[in-house]
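A closer look at the structure
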Amino acid sequence: MPKPISTARRTSIAGLLTAATLALSGCATYDVTAPADARADAPAADAKAKDASAEGGKAPRDAAGDAVDCRKAKCVALTFDAGPSEHTNRLLDILKKEKVHASFFMLGKNHVDKRPAEVKRIDAEGHELANHTWSHQILTDIPAASARREMSRLQDAVRKITGKTPRLMRPPQGRTDETVSTISKDLGLAQVLWSVTAKDYQTNDSALITKRVLEQTERDGIILLHDIYPGTVPAVPGILKELKKRGYTIVTVSQLLSPAKPQPGMVYRP
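Analysis parameters
- Residues numbered from 1 in each chain as written.
- Predicted model: local features only at pLDDT ≥ 70, side-chain atom pairs only at ≥ 80, totals over all residues.
- Heavy atoms only, no water.
- Axes fitted to C-alpha atoms, helices over the stretch in contact; angles between N-to-C directions.
- Helix = DSSP H or I, 4+ residues; strand = E, 2+ residues; numbered from the N terminus.
- Parallel < 35°, antiparallel > 145°, perpendicular 65-115°, else oblique.
- Left-handed = near helix turned anticlockwise from the far one by under 90°.
- Contact = heavy atoms within 4.5 Å.
- Core = buried A, V, L, I, M, F, W, Y, C linked by side-chain atoms within 4.5 Å.
- Buried < 20%, exposed > 50% of the residue type's maximum accessible area, 1.4 Å probe, protein only.
- Disulfide = S-S within 2.5 Å.
- Salt bridge = Lys/Arg side-chain N within 4 Å of Asp/Glu carboxyl O.

What follows deals with the packing of helix H3 (residues 88–98) against helix H5 (residues 116–124). In contact at an axis separation of 10 Å, H3 and H5 are set at 15° when each is read in the N-to-C sense. In terms of orientation, H3 lies roughly parallel with respect to H5. Regarding H3 and H5, the two cross each other, and that crossing is left-handed. Contacts from Thr88, Asn89, Leu92 and Asp93 in H3 reach Glu118, Arg121 and Ile122 in H5.

In structure tokens:
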């Protein structure tokens, strides 16, 4: 996997970005950074504000109520794509029991629009609401106006249900380009990719899903799972137990970036 690129630099990318490869050419240009670089590059005012809030007990906190500072802790972000689904409530029960928060990159069609109660619960229990588009169209393959609708329609739906507007977006299949980045910036959305994938869309073997996640996880990583497949949620307790045993603090994407704030249009990848 290529090394992260600092926010201070821009990278030429051939209109395609995945968690595995960066195809380099001169076709498109947009900003990419890693969580650790984002924290290091955070404005001094943001860092001081976080430190001050920590002293006052208002710093970002995990589900156990403990302050989270990924500049010091060995953090990894836990994310779920493409829900909510019939499995989401069971997942939320597990996360609540394990005192863990996650980021949920939700789909609109047949998910958010069909399961508003689960969206409300995700929000009420302190998880991060995030955008995975309305209908999972590949944003780089459709007209700019259609890509904008894919993102904005999900924004509107989540805001209608929860009163909150997502700040993070994961492009389907991790495919982004300069146009998608510009639209994301216009809509106030930072783009989030990943470093760990169990490829749970290929298997319902919970043991294999667990094995794949644990083999790939490193500090400042972003784990990609899907709460729509039957083998994924049963794997979560074992994943969490072993990650905690290995000393990881499990956080949302925004907690992983803090004291930096997600920058609209930026692509974040470990």
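Let us look at the nonpolar core. Counting 35 residues, the largest nonpolar core has Leu78, Phe80, Leu95, Phe104 and Leu225 as the members making the most contacts within it. When near neighbours in sequence (up to four residues on either side) are disregarded, Leu78 contacts Leu95, Val100, Ala102, Ser103, Ile223, Leu225, Leu240, Ile250 and Val251. Membership of the second largest hydrophobic core comes to 25 residues, among which are Ala38, Leu193, Ile222 and Leu224.

Bringing unusual backbone geometry into the picture now. Of note, the bond from Gly83 into Pro84 is cis; its omega dihedral lies within 30 degrees of zero at 0°. Structurally, Pro84 can be placed in the loop between strand E5 (75–81) and H3. In this chain, Ser258 is followed by Pro259 through a cis amide linkage whose omega measures 20°. Topologically, Pro259 is positioned in the loop between helix H10 (253–257) and strand E13 (267–268). With a phi angle near 65°, Asn110 is a residue other than glycine that sits in the positive phi range. One can find Asn110 in helix H4 (residues 108–112).

Let's shift gears to the state of the cysteines. Between two cysteines, a covalent bond joining their sulfur atoms is known as a disulfide. Applying the stated criterion to the full structure yields one disulfide. With its sulfur 2.2 Å from that of its partner, Cys70 forms a disulfide with Cys75. Where Cys70 bonds to Cys75 through sulfur, the torsion about that S-S bond is close to -90°, and the disulfide is left-handed. Overall, the relative accessible area of 0% leaves Cys70 in the buried class.

In this section: the pattern of salt bridges. Evaluation of the coordinates by the stated rule reveals 12 salt bridges. Asp186 serves as the salt-bridge partner of Arg148, at 3.0 Å between the closest nitrogen and oxygen. You can see Arg148 sitting in helix H6 (residues 144–162) and its partner Asp186 sitting in helix H7 (residues 178–186), a full 38 residues away along the chain. In this structure, a network of salt bridges that share partners links the residues Asp93, Arg121 and Glu125.

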